[in-house]
There are 2 protein chains.
Amino acid sequence: MHGEFELIARWLAPDATQRRPDAGVALGTGDDACLLEPSVGQQLVVSVDTSVEGRHFPADAPAWVIGHRALAVSLSDLAAMGARPRWCLMSLAIPSVDDDWVAEFARGFHALCTATDVSLTGGDVTAGERAVSVTVMGEVATQQALRRDGAQPGDIVAVTGALGGGAGGLALWQAGERDLDHPLLARYLLPQPRLAAGQLLVGHASAAIDISDGLLADLGHVLDASGVGATLDMERLPLAPGLAAALGETVALEAAVAGGDDYELLVTLAPKHLDEACNALASIGLQLTPIGHIHAGQGIQGVSSAARRGWQHFSGGTP
Amino acid sequence: MHGEFELIARWLAPDATQRRPDAGVALGTGDDACLLEPSVGQQLVVSVDTSVEGRHFPADAPAWVIGHRALAVSLSDLAAMGARPRWCLMSLAIPSVDDDWVAEFARGFHALCTATDVSLTGGDVTAGERAVSVTVMGEVATQQALRRDGAQPGDIVAVTGALGGGAGGLALWQAGERDLDHPLLARYLLPQPRLAAGQLLVGHASAAIDISDGLLADLGHVLDASGVGATLDMERLPLAPGLAAALGETVALEAAVAGGDDYELLVTLAPKHLDEACNALASIGLQLTPIGHIHAGQGIQGVSSAARRGWQHFSGGTP
């Protein structure tokens, strides 16, 4: 039936001869399904994320950026579980056949596959509103995955990297900025999933989540799943460099607590693990910043009124 | 961000307490990713299919039918590999929140999950043109999967069940028929993936594919992958019961060779395996019908001119 789209799907497929022998792919794209070889003693970690044009990425973003970003946001879920990424499948919907666009899209997608050692092993292409759905599969040693439900009273709340860059970059894009070398724009459009950090935090962190919905929302998910509360120290939030200069201090803080799209990791960990975890992340050039602590109860305390306004501004809800 | 849609995603999630202890699910929906437990000695078989409203299913189809069908067409890929289905993830895009529609959709989806022993372990819901993308995961003993590239000269070409019902049902739907108890309509809207048949054919079939694009197109995929040709015996094609009566003999034949959407299995097998394979499928009440044979060369011979016209009618291409 949809011959042209099927051709595109095949054309998107990577050259199997380029695949590493230890990729665990017995059969890649081109059959009814792929055949993968999971590792013994590991759990399979699977997530899917759909990115829709105009909602999750700007309609006028470069195609290679869309390819990178769609995969990156899915991989971020594996990072939050402490998993090693291995394979992915990609469903692409496009309104019409545009070889140049697809080639650019594929370039961004495959580049991140290569950088993160992920094999694209399946997928399909359909006619439709432009959207990308990426299923990612990884592995983690049995019972070692970082989950949302492990936070304990007394744990420290910490975040990797810096916050607010995602929302700040979106604001800049909306204001007309198009230089992808701009650090904030890069944070928004070209997120780097914290895969190495997630794997290094296994054995140290008691819970983890990636910050896609915003710090308060995602911390809330951890608290709900763990049945605990938290108090934040707003003074310690690591703001993305240049964020306050670009947007002003108030909006910068709002972006950091509620803006989302940062794809940093939020973790909880026992105080005794903090130094080791910081040192482990320092070895890959990443900062881990304590920003609060877990206690009995529920909800988030210590949130400044400016931050609460930010929550309402960005999410329309109340923390 | 998209709070209402996130709520729907959680609401779509099955009750973990209903899950069988041997489901191999260490962690289901609700975290950043699910944690699954693949079986030792098995390969993981993964496929994704996206169904877009108005292209892959009628916009006015009942929601539960759409839920069933979206999962069924993905599971059909696992059937074609001879895999036992185990888990799935589902991405749903809907233009707006409609609780009744989602409840009905979920009912159809979950009913097929239960019937096929598949656990829904993840997914997301986004705002967008109505579409469903289903990733299915199954298992098959290492090196036992049915692939497209194993057909050998001398093999018999055979199909499960009957052909043409998918296209016939679509024609009836387009003509206004809405009785889902009509056998042809059911074949189109409520396909039953041939999962048991696929698993029974492991060890007998040399190659397999599911008939989604139409007999000639899908046989063509097997021939291309295997580097062989085939000759068909048009007289032996098992037409769906009632098809000729409903559409006339000419259109019925066209539908059977080129209509697609039948989700039967097309297999090749050495003559010595035919009786065993037929008996195995008879044990589950399914017929396996020889319709031709494989030989050296390429392309498909023995296709009647009526069938070639059918190909052009349904696909716009030439066989």
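Residues numbered from 1 in each chain as written. Chains lettered and ligands numbered in written order. Predicted model: local features only at pLDDT ≥ 70, side-chain atom pairs only at ≥ 80, totals over all residues. Heavy atoms only, no water.

- With an unreviewed UniProt entry as reference, chain A is termed Thiamine-monophosphate kinase, source organism Halomonas huangheensis.
- The UniProt entry for chain A carries the following text under Function (unreviewed entry): "Catalyzes the ATP-dependent phosphorylation of thiamine-monophosphate (TMP) to form thiamine-pyrophosphate (TPP), the active form of vitamin B1." (UniProt positions renumbered as here; feature names shortened; annotations may be inferred.)

**Focus on the overall build of chain A**
- Secondary structure assignment for chain A yields 11 helices and 12 strands.
- A compact globule built from 319 residues should have a C-alpha radius of gyration of about 20 Å, and chain A, at 20 Å, falls within 12% of that.
- Within chain A, buried positions represent 60% of all 319 residues.
- The contacts in chain A between residues at least 6 apart in sequence include a share of 85% that link residues at least 24 apart.
- In chain A, the 18 positive side-chain charges and the 37 negative ones have mean positions that sit 4 Å from each other. (Helix = DSSP H or I, 4+ residues; strand = E, 2+ residues; numbered from the N terminus. Rg over C-alpha atoms; globule rule 2.2 N^0.38 Å. Buried < 20%, exposed > 50% of the residue type's maximum accessible area, 1.4 Å probe, protein only. Contact = heavy atoms within 4.5 Å. Lys, Arg positive; Asp, Glu negative; His and termini not counted. Charge placed at Lys NZ, Arg CZ, Asp CG, Glu CD.)

**A few points about the UniProt feature "binding site: substrate" (unreviewed entry) in chain A**
All names here are of chain A.
- Per the UniProt entry, the sites bearing "binding site: substrate" (unreviewed entry) are His-56, Asp-261 and Trp-311 in this numbering.
- Structurally, His-56 can be placed in the loop between strand 3 (42–52) and helix 2 (63–81).
- When its relative accessible area of 18% is taken as the criterion, His-56 is described as buried.
- Checked against the element boundaries, Asp-261 lands in the loop between helix 9 (249–258) and strand 10 (265–269).
- For Asp-261, a relative accessible area of 13% translates into the label buried.
- A polar side-chain atom of Asp-261 sits 3.3 Å from a polar atom in the side chain of Arg-69. (Polar contact = N/O pair within 3.5 Å; in protein donor to acceptor, adjacent residues only side chain to side chain.)

**Some remarks on the side chain of B:Asp155**
Residue and element names in this part refer to chain B.
- Assignment of secondary structure puts Asp-155 in the loop between strand 6 (131–141) and strand 7 (156–160).
- Of the side chains with opposite charge, Lys-272 comes closest to the buried, unpaired Asp-155, at an N-O distance of 9.0 Å.
- A distance of 3.4 Å separates the side chain of Asp-155 from the backbone nitrogen of Ala-270, its partner in a polar contact.
- Excluding anything up to four places from it in sequence, Asp-155 contacts Gly-150, Ser-206, Thr-268, Leu-269, Ala-270, Pro-271, His-293 and Ile-294. (Salt bridge = Lys/Arg side-chain N within 4 Å of Asp/Glu carboxyl O.)

**What about empty space enclosed by the protein?**
- Counting across every chain of the model gives 1 cavity of 30 Å³ or more.
- Lining the largest cavity are 20 residues, with A:Thr50, A:Ala131, B:Thr50, B:Ala93 and B:Ala131 positioned closest to its centre.
- Counting residues per element, the ones that place at least two in the lining of the largest cavity are strand 3, strand 4 (84–94) and strand 6 (131–141) of chain A together with strand 3 (42–52), strand 4 (84–94) and strand 6 of chain B. (1 Å grid on protein atoms, 1.4 Å probe; cavity = no way out; pocket = protein on both sides within 12 Å on 5 of 7 lines; lining within 4 Å. Points joined across faces, edges and corners; volume = space filled by probe spheres on them.)

**Structural notes on the UniProt feature "binding site: Mg(2+) 2" (unreviewed entry) in chain A**
- Annotation from UniProt places "binding site: Mg(2+) 2" (unreviewed entry) at A:Asp49 and A:Asp77. In terms of the greatest pairwise C-alpha distance, the residues named above, spread along 29 residues, form a tight cluster of at most 8.9 Å across.
- In this structure, A:Asp49 sits in strand 3.
- Not counting the four nearest positions on each side in its chain, A:Asp49 is found in contact with A:Val73, A:Ser74, A:Asp77, A:Val132, A:Ser133, A:Val134 and B:Asp124.

**A look at the interface of chain B and chain A**
- Facing the 55 residues of chain B at the interface are 55 residues of chain A.
- Here chain B and chain A share an interface that buries about 4,600 Å² over both sides, 53% of which is from carbon and sulfur atoms.
- Counting the contacts that link chain B with chain A gives 4 salt bridges.
- Between B:Asp31 and A:Arg148 there is a salt bridge, with the nearest N and O atoms lying 3.6 Å from each other.
- Applying the counting criterion to the chain B and chain A interface returns 24 residue pairs in polar contact (both at pLDDT 80 or more).
- Taken together, the residues of the side of chain B that touches chain A break down into 25 nonpolar, 15 polar and 15 charged.
- Bridge count between strand 2 (residues 34–36) of chain A and strand 3 of chain B: 3 bridges; the pairing is antiparallel. (Buried area = accessible area lost by both parts, 1.4 Å probe. Nonpolar A, V, L, I, M, F, W, Y, C, P; charged D, E, K, R; others polar. Pairing = 2+ DSSP bridges.)

**Quick look at the domain arrangement of chain A**
Residues and elements named next belong to chain A.
- Along its sequence, chain A is organised into domain 1 (3–141) and domain 2 (148–315).
- Computed from C-alpha coordinates alone, the two centres of domain 1 and domain 2 are separated by 26 Å.
- Each partner contributes residues to the interface: domain 1 has 23 residues there, and domain 2 has 20 residues.
- Summed over both partners, the interface of domain 1 with domain 2 comes to about 1,700 Å²; 67% of that surface belongs to carbon and sulfur atoms.
- Applying the counting rule to domain 1 against domain 2 returns 2 salt bridges.
- The partner of Arg-69 in a salt bridge is Asp-261, and the shortest N-O contact between them spans 3.3 Å.
- Residue assignment for the side of domain 1 that touches domain 2 shows that the elements contributing at least two residues are helix 2 and strand 4.
- Ranked by the residues each element gives to the side of domain 1 that touches domain 2, the list is headed by helix 2, at 12 residues.
- Split into classes, the residues belonging to the side of domain 1 that touches domain 2 amount to 14 nonpolar, 5 polar and 4 charged. (Domains from an automatic or database assignment.)

**Looking at helix 3 (residues 99–116) of chain B**
Residues and elements named next belong to chain B.
- Across its 18 residues, helix 3 extends 26 Å between first and last C-alpha, which sits within 8% of the 26 Å expected from 1.5 Å per residue.
- The set of residues buried in helix 3 consists of Trp-101, Val-102, Phe-105, Ala-106, Gly-108, Phe-109, Leu-112, Cys-113 and Thr-116. Buried residues of helix 3, seen end-on, are gathered within an arc of 160 degrees and therefore sit on one face of the element. Turned more than 90 degrees off the buried face of helix 3, the exposed positions are Asp-99, Asp-100, Thr-114 and Ala-115.
- N-cap assignment for helix 3: the residue whose side-chain oxygen lies 3.2 Å from the backbone N of Asp-100 is Asp-98.
- In the stretch just after helix 3, Asp-117 is the one whose phi turns positive, near 65 degrees. (Expected span 1.5 Å × (residues − 1). Arc of directions from axis to C-beta.)

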